[in-house]
Amino acid sequence: MAYVITQNCCNDASCLAACPVGCIHPTPDEPGFATAEMLYIDPDTCIDCGACADWCPVDAIKADSALTANQQPFRQLNADYYHDNPVRPGWRYKTPPAVVTLARGRLRVAIVGAGPAAWYCAKELLAQPDVEVSIFDRLPTPFGLVRHGVAPDHPATKRIVDQFRFDRDQARRLALFLNVEVGTHVTHADLMDHHHAVIYAHGAATDRRLDIAGEDLPGSLPATRLVAWYNGHPDHARLDPDLNGRRAVIIGNGNVALDIARLLTTDPGRLAGTDIADHALNALRHSTIEEVVIVGRRSAADAAFTTPELLALTQLTDVDVVLDTPITAEEANSAVDAAARRKLALLTPLPTAEQDRTPGRKRIVLRFNSTPVEIVGTSTVEGVVLATTETRVDPDGIRRPIVGDHTETLPAGLVIRSIGFKGTPLPDIPFDDATGTVPNQAGRVTESGSQRPLPGVYTAGWIKRGPTGVIGTNRLCAQQTVANLLEDFLADRLVTPRTGGDELARLVRSRQPDTVDSRGWSAIDTAERSAGAATQRPRRKFTDRDALLDAARQRPARRLPLIPARSA
């Protein structure tokens, strides 16, 4: 018997350190780790000890004898990785040596942002006994995209935040300043006055644009806003997307696009047992959308979604997943790597859109080799004009989509743009507009237009490296940044803060009386879980700031109307 890594692998590589025989790959020091869809266990090397399963933060590792029917394909996916990537015998995972602060006194670090990258940084820092951490976020709740980005029907993925729990000593050294916006309530200079260093880990919160006519018509939405809407983000609770048409079109075919398509076509009765926002659940119950078309510019071999997410999509039992056109033999042979071959193997058997539809079922159509050139409509979206594209290989080996002359207008009442994320600048912090990131060298922020590091200023996560990887990718990214920060502290490269932590708290509360601290977040968390328990849901999110702040103050929040966990 062996253990198998399944769909919701978070890629944070924490399981590697638990494995006594080094049978989990790719490792952080192996080629391909940064772009790996997931990690894999070698069935021929695994000794069935189960240590990795105990360590996994998202419960993605299962004994092969305990796999469900939907998880069975992952047995072969794990084995196939080692067929395509033979591992040299005798390898052992080596945990990097911990950097210690020795006796230089207490180190105080501010972290801007409260998403996974920020929490991984805090976890690394608080592992040292002489470090104090302050986390700032403009929202009244922590965890960023884990709370407001992960699909409601992926609860296992959200368990990753359970590892960000600290012992009593570490908790005393951690201060939360939620509902506090850097640049509004406090400045970069304020943070530097009270800390030796600041880590900017505020993510990439905006969407890249298509830059085509009609992009800003009502009914054309960026994916981030729609995802935030159904996940209860307080800034987007009033979005009210138009779900009254028959067809929705999603431009882009990454994992976010697949999430959105699945949410728009899933029976709302199944979603009622999740933490989906109440307003979104009600809207989906009245939705008339019957078909979601996912449009990709490139060929099927170049699709952006990962194999695990595609596999989950094809396993839907109450939604038809079809191809706009069948995969040709030429396309099937065009895979440039093992990941592409696995995707094509899943796509090729799918029926096509021309075949008879299953009565009473909604469907998701996967369309490749199509580039949007215009979104059309008068007062609202009525359709999207798609041009046929052809993927060609340049002399340098790069595969590029070439837009052709043939176009087709695909009628649609809703168009969702899901072509990637981009960071936004904060006051007084260098920013590279071309990449949407803070310029840096291995996490050390550099001055605009030079390679010289700014003393005491660091970055981690998507705002550091761009929107690449999955949640767990931020762990190693944070480790790199924190290691360099600690190295600079030991080398006396940081400036001693002017004042202490107590004065910081007084300053913040004088400018933002509605600051939410760790006790406030605990009160929100308890209130949401209690509200959810009444209808067998993990939680019912408060979706406006007033309700969140009421809960943080431990005052009775606005009464939420009961929504049954299952539709009648």
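Residues numbered from 1 in each chain as written. Predicted model: local features only at pLDDT ≥ 70, side-chain atom pairs only at ≥ 80, totals over all residues. Heavy atoms only, no water.

This part is about the overall build of the protein. Summing up its helical and strand segments, the protein has 20 helices and 22 strands in all. Computed over the C-alpha atoms, the radius of gyration of the protein is 24 Å, within 12% of the 24 Å expected from 2.2 N^0.38 for a compact globule of 568 residues. In terms of its C-alpha atoms, the protein occupies a principal-axis envelope of roughly 70 × 60 × 50 Å. Taking all 568 residues of the protein together, 55% fall into the buried category. Restricting the contact set of the protein to residue pairs at least 6 apart, pairs at least 24 apart contribute 75%. (Helix = DSSP H or I, 4+ residues; strand = E, 2+ residues; numbered from the N terminus. Rg over C-alpha atoms; globule rule 2.2 N^0.38 Å. Buried < 20%, exposed > 50% of the residue type's maximum accessible area, 1.4 Å probe, protein only. Contact = heavy atoms within 4.5 Å.)

On to the sheet that holds strand β6 (residues 131-137), then. The pairing of strands in a sheet happens through backbone hydrogen bonds and is either parallel or antiparallel. Within the open sheet, the 7 strands sit side by side as β7-β6-β5-β8-β22-β21-β20. Their pairing is mixed. Because the sheet does not close on itself, it has two edges, and the strands there are β7 (174-178) and β20 (440-441). Here strand β5 (residues 107-112) pairs with strand β8 (residues 197-200) via 4 bridges, running parallel. Note on β8: the bridge partner recorded for Val 109 is Ala 197. (Pairing = 2+ DSSP bridges.)

Domain assignment breaks the protein into domain 1 (3-84), domain 2 (107-205 + 423-516), domain 3 (213-329 + 338-419) and domain 4 (518-567). Between domain 2 and domain 3, the C-alpha centre-to-centre distance is 34 Å. Carbon and sulfur atoms make up 50% of the area that domain 2 and domain 3 hide from each other, which totals about 1100 Å². If you sort the residues of domain 2 by the area they bury against domain 3, His 148, Pro 152 and Asp 153 come out on top, with a joint share of 49%. Taken together, domain 2 and domain 3 are joined by 3 salt bridges. With a shortest N-O distance of 2.7 Å, Asp 153 and Arg 262 are connected by a salt bridge. In this assembly, domain 2 and domain 3 are joined by 7 residue pairs in polar contact (both at pLDDT 80 or more). (Domains from an automatic or database assignment. Buried area = accessible area lost by both parts, 1.4 Å probe. Salt bridge = Lys/Arg side-chain N within 4 Å of Asp/Glu carboxyl O. Polar contact = N/O pair within 3.5 Å; in protein donor to acceptor, adjacent residues only side chain to side chain.)

This part covers the packing of helix α13 (residues 307-314) against helix α15 (residues 338-347). Between α13 and α15, the shortest axis-to-axis distance is 10 Å and the interhelical angle comes to 5°. Judged by the angle between their axes, α13 and α15 are roughly parallel. Of the residues in α15, those touching α13 at Thr 307, Leu 310 and Leu 311 are Ala 339, Arg 342, Lys 343, Leu 346 and Leu 347. For the contact of α13 with α15, the class distribution of residues is 5 nonpolar, 1 polar and 2 charged. (Axes fitted to C-alpha atoms, helices over the stretch in contact; angles between N-to-C directions. Parallel < 35°, antiparallel > 145°, perpendicular 65-115°, else oblique. Nonpolar A, V, L, I, M, F, W, Y, C, P; charged D, E, K, R; others polar.)

With that out of the way, let us pick up the state of the cysteines. Applying the stated criterion across every chain, the model contains 0 disulfides. A disulfide-free cysteine, Cys 23 has its sulfur positioned 3.6 Å from the sulfur of Cys 19, the nearest such atom. Among the cysteines around Cys 49, which has no disulfide bond, Cys 52 carries the closest sulfur, lying 6.2 Å off. A relative accessible area of 45% means that Cys 49 is categorised as partly exposed. (Disulfide = S-S within 2.5 Å.)

Ranked by size, the top nonpolar core spans 79 residues in total, and within it Ile 24, Ile 111 and Ile 199 carry the most contacts. Per-element accounting of this core gives the leading share, 8 residues, to helix α4 (residues 116-126). Among all residues touching Ile 24, those that are not within four sequence positions of it are Ile 5, Cys 15, Leu 16, Cys 19, Leu 39, Tyr 40, Ile 41, Cys 52 and Tyr 82. Among the nonpolar cores identified, the runner-up in size contains 48 residues, and Ala 223, Leu 239, Ala 257 and Leu 366 belong to it. (Core = buried A, V, L, I, M, F, W, Y, C linked by side-chain atoms within 4.5 Å.)

Pairing within the open sheet is antiparallel, and its 3 strands lie in the order β15-β16-β17. Two strands close off the open sheet at either side, each with one partner strand: β15 (370-376) and β17 (399-411). Strand-to-strand twist in this sheet, taken as the mean axis angle between neighbours without regard to direction, amounts to 20°. Sheet topology places β15 next to strand β16 (residues 383-393); 6 bridges connect them, and they run antiparallel. Considered in β16, the bridge of Val 376 is made with Gly 383.

Right, let's get into α13. The buried count for α13 comes to 7 of 8 residues, which makes it a mostly enclosed element. Within the span of α13, buried status applies to Thr 307, Pro 308, Glu 309, Leu 310, Leu 311, Ala 312 and Leu 313. Those residues of α13 that are buried are in contact with α3 (73-84), α10 (255-265), β13 (319-323), α15 and β14 (362-367).

What follows deals with the side chain of Glu 528. Tracing the backbone shows Glu 528 in helix α19 (residues 518-533). On the basis of relative accessibility, which here comes to 0%, the residue Glu 528 falls in the buried class. A polar contact is formed between the side chain of Glu 528 and the side chain of Arg 147, at a distance of 2.7 Å.

Applying the stated criterion across every chain, the model contains 9 aromatic pairs. Judged by centre distance (6.3 Å) and plane angle (20°), the ring pair of Trp 119 and Phe 166 falls under stacked. Of the two residues, Trp 119 is situated in helix α4 and Phe 166 in the loop between α6 (155-158) and α7 (168-172); the sequence distance between them amounts to 47 residues. Counting every residue linked through ring pairs, the aromatic cluster contains Trp 119, Tyr 120, Phe 143, Phe 164, Phe 166 and Trp 521. (Phe/Tyr/Trp six-rings, centres within 6.5 Å; stacked < 30°, edge-to-face > 60°.)

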